[in-house]
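# Survey of secondary and tertiary structure
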Amino acid sequence: MQIPGDPGMLLSFVNMKLRDFYSSLDAMCDDMDVSRTEIEEKLKSIGYTYDSHRNQFV
């Protein structure tokens, strides 16, 4: 699965997927065969981190 390269677009994409389809970031990454580390690093570059209690990047 190709994920958006732009961090802003990635934030919107990931949070929508987490909200609508997945119970956790790990479940999403496993199902979509994407790197959790890559997602977290890209979103950290624009000031966002994963909050497991909210199941979204904030």
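This report concerns the structure included in the present document. Quick caveat, the model's predicted, so the values are computed rather than measured. (Residues numbered from 1 in each chain as written. Predicted model: local features only at pLDDT ≥ 70, side-chain atom pairs only at ≥ 80, totals over all residues. Heavy atoms only, no water.)

Turning our attention to the overall build of the chain. Regarding its fold elements, the chain presents 3 helices and 2 strands. Counting from the amino terminus, the chain carries its helices and strands in the arrangement α-α-α-β-β. Relative to its length of 58 residues, the chain is compact, with a C-alpha radius of gyration of 10 Å against a globular reference of 10 Å. The principal-axis extents of the C-alpha atoms in the chain amount to approximately 25 × 25 × 15 Å. Counting all 58 residues of the chain, 33% fall into the buried class. Once local pairs closer than 6 in sequence are excluded, the contacts in the chain between residues at least 24 apart make up 49%. When the accessible surface of the chain is split by element, carbon and sulfur atoms take 47% of a total near 3700 Å². (Helix = DSSP H or I, 4+ residues; strand = E, 2+ residues; numbered from the N terminus. Rg over C-alpha atoms; globule rule 2.2 N^0.38 Å. Buried < 20%, exposed > 50% of the residue type's maximum accessible area, 1.4 Å probe, protein only. Contact = heavy atoms within 4.5 Å. Areas by Shrake-Rupley, 256 points an atom, 1.4 Å probe, with all protein chains shown as cover.)

Inspection of the secondary structure assignment puts K17 in helix 1 (residues 7-20). Among buried charged residues, K17 stands out as having no salt bridge; its nearest opposite-charge side chain is D31, 7.6 Å away. In contact with K17, other than residues within four places in its own chain, are Y22, M28 and M32. (Lys, Arg positive; Asp, Glu negative; His and termini not counted. Salt bridge = Lys/Arg side-chain N within 4 Å of Asp/Glu carboxyl O.)

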